[in-house]
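Residue-level structure breakdown
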Amino acid sequence: MAKTPHILVVDDDREIRSLVAQLLRKHGFRVTDAADGREMMQALDGGRFDLAVLDLMLPGEDGLSLCRRVRAGSALPIIMLTAMGEETDRIVGLEMGADDYLPKPFNPRELLARIRAVLRRSAGEAPEPAETAGGGMRVFEGWSLDLAKRELRAPDGTLVPLTAGEYDLLAAIVERPGKVLSRDQLLDLTRGRDAAPFDRSVDVQISRLRRKLEPDPKEPQIIKTVRGGGYVFTCEVTRS
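Presented here is an overview of the structure given in this document. (Residues numbered from 1 in each chain as written. Predicted model: local features only at pLDDT ≥ 70, side-chain atom pairs only at ≥ 80, totals over all residues. Heavy atoms only, no water.)

**Quick look at the environment of Pro217**
As for its position among the elements, Pro217 is in the loop between α8 (201-213) and β10 (223-226). For the pair Pro217 and Ser207, spaced ten residues apart in the sequence, the C-alpha separation amounts to 7.8 Å. Not counting the four nearest positions on each side in its chain, Pro217 is found in contact with Arg210 and Arg211. (Helix = DSSP H or I, 4+ residues; strand = E, 2+ residues; numbered from the N terminus. Contact = heavy atoms within 4.5 Å.)

Below you can see the structure in the form of structure tokens.
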């Protein structure tokens, strides 16, 4: 029997928590709600979750800080909610490791669609390019990307945690070494535009990947920026 996804909803607005919980339960999800960071961390300590819907503005510790804390030790998918038009907060939230973003006030059906899209990506259910079908290993500069397990290992064998978005983007560029890929091409390859991707999402994911892969993220040698074009993966890739 398929596992029922368990969603953690974190918002200090009781009406929003109730609305989101009712919507998700109606569509077959398990839901736990929390009013602030303390309740959120207690829930995470005591249960297993498949995704968190996290409000940016919370009493006490805010959503950005909580996202950073969670991402430091977990690849739990996170969708952040914040006020309409707060682009700076949106970008910072993505930098902290959020997988998606939705401004308030939001359409409940859009939130549901985004939750489903992020869950599909985190479970590896999104359609993959033909080259990645069937899995296999990709090795570059001592790094190993396992397409079947969706795992990245450093040259010393250490498992490097990746969010679903980071994995999808890395797999897309590793499969196309030496090819300049525009932001639009990368969005199509990794997300299929089913979650109405926002501006700069690719740039933020690339920045996060560089911090994990590059000896000096400020002078990247593995994933280079092509001015006016996009990004190019420069390494030779061995398939096995």
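**Some words on the sheet that holds strand β7 (residues 143-146)**
Here five strands make up an open sheet; going across it, the order is β9-β8-β7-β6-β12 and the pairing antiparallel. Two strands in the sheet have a free side with no partner beyond their single neighbour: β9 (159-160) and β12 (238-239). Of the pairings in the sheet, the one linking strand β8 (residues 151-153) to β9 comprises two bridges and is antiparallel in character. The partner of Leu152 across the bridge, within β9, is Val160. The strands touched by helix α6 (residues 164-174) are β6 (137-140), β7 and β8; relative to β7, the strand with the most contacts, the crossing angle is about 110°. (Pairing = 2+ DSSP bridges. Axes fitted to C-alpha atoms, helices over the stretch in contact; angles between N-to-C directions.)

**As for the pairing of strand β5 (residues 100-104)**
Counting buried positions along β5 yields five of five residues, so the element is predominantly enclosed. Because side chains alternate across β5, one face comprises the buried residues Asp100, Leu102 and Lys104, and the other comprises Tyr101 and Pro103, equally buried. Sheet analysis places strand β4 (residues 78-83) next to β5, joined by five bridges and oriented parallel. Pairing of Thr82 across the sheet is with Pro103, part of β5. (Buried < 20%, exposed > 50% of the residue type's maximum accessible area, 1.4 Å probe, protein only.)

**Describing the packing of aromatic side chains**
If you walk through the whole model with that rule in mind, you get one aromatic pair. Both rings, one in Phe140 and one in Phe233, keep their centres 5.0 Å apart while their planes meet at 85°; by these two values the pair is edge-to-face. With a gap of 93 residues between them, Phe140 in strand β6 and Phe233 in strand β11 (residues 230-233) connect regions that are remote in the sequence. Judged by relative accessible area, Phe233 falls into the buried class, the value being 1%. (Phe/Tyr/Trp six-rings, centres within 6.5 Å; stacked < 30°, edge-to-face > 60°.)

**Quick notes on the pairing of β10**
In the sheet, β10 pairs with β11 via four bridges, with the strands oriented antiparallel. Bridge pairing in β11 places Lys224 opposite Val232. What sits between the antiparallel neighbours β10 and β11 is a turn of three residues, in which Gly228 has the positive phi angle 75°.

**Thoughts on the packing of helix α1 (residues 14-26) against helix α5 (residues 108-122)**
Their axes nearest at 11 Å, the elements α1 and α5 cross at an angle of 60°. In terms of axis orientation, α1 runs oblique to α5. As α1 packs across α5, the resulting crossing turns out to be right-handed. Contacts between α1 and α5 involve Leu19, Val20, Leu23 and Leu24 from the first element and Pro108, Leu111, Leu112 and Ile115 from the second. (Parallel < 35°, antiparallel > 145°, perpendicular 65-115°, else oblique. Left-handed = near helix turned anticlockwise from the far one by under 90°.)

**A word on the pattern of salt bridges**
Two side chains that carry opposite charge are able to pair once their charged atoms sit near each other. In total, this model carries 14 salt bridges according to the counting rule given. Between Glu110 and Arg114 there is a salt bridge; the shortest N-O distance is 2.9 Å. A residue pair is termed a helical-turn pair when its members lie 3 or 4 positions apart in one helix, as Glu110 and Arg114 do in helix α5 at four residues. Relative accessible area serves as the criterion here: at 6%, Arg114 is assigned to the buried category. (Salt bridge = Lys/Arg side-chain N within 4 Å of Asp/Glu carboxyl O.)

**Some points on the nonpolar core**
Core analysis: the biggest nonpolar cluster contains 28 residues, and Phe140, Leu152, Leu170, Ile223 and Phe233 have the highest contact counts within it. Every element with two or more residues in this core is listed here: β7, α6, α7 (183-191), α8 and β11. Among the elements that make up this core, the one with the highest residue count is α6 (seven residues). When sequence neighbours within four positions are dropped, the list of residues in contact with Leu170 reads Leu145, Leu152, Leu162, Leu209 and Leu213. Core analysis: the second largest hydrophobic core is formed by 21 residues, Val10, Leu54, Leu76 and Val204 among them. (Core = buried A, V, L, I, M, F, W, Y, C linked by side-chain atoms within 4.5 Å.)

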